[in-house]
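Summary of the model geometry
Take a look at the letters that make up each chain.
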Amino acid sequence: MSTKSKLPAKKKKNKINTTKRNNFNELHAYKTIIKSTILGGIFLVFSIIFNNSLISLALFIESIGSFLDLVIKIITILLFFIFMVISIGNYKELIGNPMNFKDLLLVFILSLIQGFRNPIVLGFTFIGLLIIIFYLYAVQEF
Amino acid sequence: MVLYHVILILIFNFVLISTFANGFTEPIQPPFGTMPTIDGEIDENGKEWDDALKMRIFLYQNLSAPENGLPIDLWIKQNDAKLFFAIQFELEQHSSSEFDYEFIGILISESESNKTEDFTDFRVIQFTNISTGQYNYRDYHINNFLYVLDVNQSGEGAAKLKGDIITYEFSINLDNYEDYPEDVFLDYLNSYAFKIIFGKINQYPAGFLLSNIIVIKIQYPPLNPPIVLTELLFIIFDILIFGLICVLFLVYVYKISKLKLKIKRFKV
């Protein structure tokens, strides 16, 4: 009798622990979404500034300005892509639908299109995005 | 670990860019400035070249395998009618008679292409005796790889040696087709490749020793900018594309804020 009464109590305790752990995981995932979205937003702002040539480093640093300008344009787009993929991936997982190919393609296009003004930026961003996606699929088993 | 991999990817991309981007960097946009005196002297007190774009480039023997380049300081600027170059470098051997026939030439391409056959215009400041400071400025056009002196000489050039430091100054006419049909027509808002050449024998092209190529986009006079349709389209696309991305981003942020309200467990 006493054994019977103990078992449900243990199950209940385990259930509470699991719920707490799930809550903790969800809360952690939510915090990750917030952080990565903020970072994605920051890099989107940087991308708007640099890829629209609102600021050009070539004006400040004459010799390496144009090269550095090019690198910053590409890096901001790539970082935007990385953080948005992390954010959307976690968001989708939290609502119960894992990130699919369509979502990834949308972020890919929205990232790539930011470099449309400059064919060099567009080309290297394309290569960078492909490398990141390859990494996500092959290494991380996305 | 993930961050480590992301950093590795970014470094890889950076290396990739630095490997290939040097070959096709954006054209140089010369600033507008006052007209300098073409006398082979950079008047530092008069701040003659202060409004120019200054850079250091290297002249190489073989552009496809650049090594041991000669560093030169290069100033570039323009006004509404002319493009100005100043080139300065130091050579310890300048006092030697080996450099009596030193020259700096500028080959001008018909476009931003750097193919040999596209360089059809050549301006050169040729020393005839560097120790006495005698030189000539010449304007050639290139016909089937032959350097032919232009009937109408265009532009100006001057050079001066001070100690081991030598300065060359060039002035090249813009928008010049009617007056100088043998020259490359340098039109506003177009980009052209300029090959800067150093040599010490007065033979062209046999005397070409070191060189490098820069691409310059000729700027339109600032007072009368034309309405460029492509630029207008770029601005419209900018607004549309970045506007769309911003709207989607804000919708996503709104969804995230709603998510917190939906999942009430978070409040526990």
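Quantities reported herein were computed from a predicted structural model and do not represent experimental measurements. (Residues numbered from 1 in each chain as written. Chains lettered and ligands numbered in written order. Predicted model: local features only at pLDDT ≥ 70, side-chain atom pairs only at ≥ 80, totals over all residues.)

Here we come to helix 2 (residues 229–262) of chain B. Between its terminal C-alpha atoms helix 2 of chain B stretches 49 Å, which fits the 50 Å expected from 34 residues at 1.5 Å a residue. Little of helix 2 of chain B is tucked away, with zero of its 34 residues classed as buried. (Helix = DSSP H or I, 4+ residues; strand = E, 2+ residues; numbered from the N terminus. Expected span 1.5 Å × (residues − 1). Buried ≥ 20, exposed ≤ 12 C-beta atoms within 10 Å, placed from the backbone.)

Attention now goes to unusual backbone geometry. A negative phi holds for most residues other than glycine; trans holds for most peptide bonds. All names here are of chain B. Going from Y204 to P205, the amide bond is cis rather than trans, its omega being 0 degrees. Among the structural elements, P205 can be located in the loop between strand 10 (191–199) and strand 11 (208–217). For L189, which is not glycine, the phi dihedral falls at a positive 65 degrees. Its location among the elements puts L189 in the loop between strand 9 (165–173) and strand 10.

Moving on to the environment of T37 of chain B. All names here are of chain B. With respect to the helices and strands, T37 occurs in the loop between helix 1 (2–20) and strand 1 (53–59). Taking the number of C-beta atoms within 10 Å as the measure of exposure, T37 has 13 and is therefore partly exposed. When the C-alpha atoms of T37 and E48 are compared, they prove to be 7.9 Å apart, with 11 residues separating the residues in sequence.

All names here are of chain B. Within the open sheet, the five strands sit side by side as 1-2-3-9-8. Their pairing is antiparallel. Of all strands in the sheet, those with a lone pairing partner are strand 1 and strand 8 (156–162), marking the two edges. Pairwise comparison of adjacent strand axes, ignoring direction, gives a mean angle of 20 degrees for this sheet. (Pairing = 2+ DSSP bridges. Axes fitted to C-alpha atoms, helices over the stretch in contact; angles between N-to-C directions.)

Turning our attention to the packing of helix 3 (residues 101–112) of chain A against helix 4 (residues 119–139) of chain A. When two helices pack together, their arrangement is given by the angle between the helix axes and the distance between those axes. Residue and element names in this part refer to chain A. At their nearest, the axes of helix 3 and helix 4 sit 10 Å apart, and the two run at 155 degrees to each other. It follows from the interaxial angle that helix 3 and helix 4 lie roughly antiparallel. Like other packed secondary-structure pairs, helix 3 and helix 4 cross with a definite hand, here right-handed. Between helix 3, through F108, S111 and L112, and helix 4, the contact on the second element is made entirely by T125, F126 and L129. (Parallel < 35°, antiparallel > 145°, perpendicular 65-115°, else oblique. Left-handed = near helix turned anticlockwise from the far one by under 90°. Contact = placed C-beta atoms within 7 Å.)

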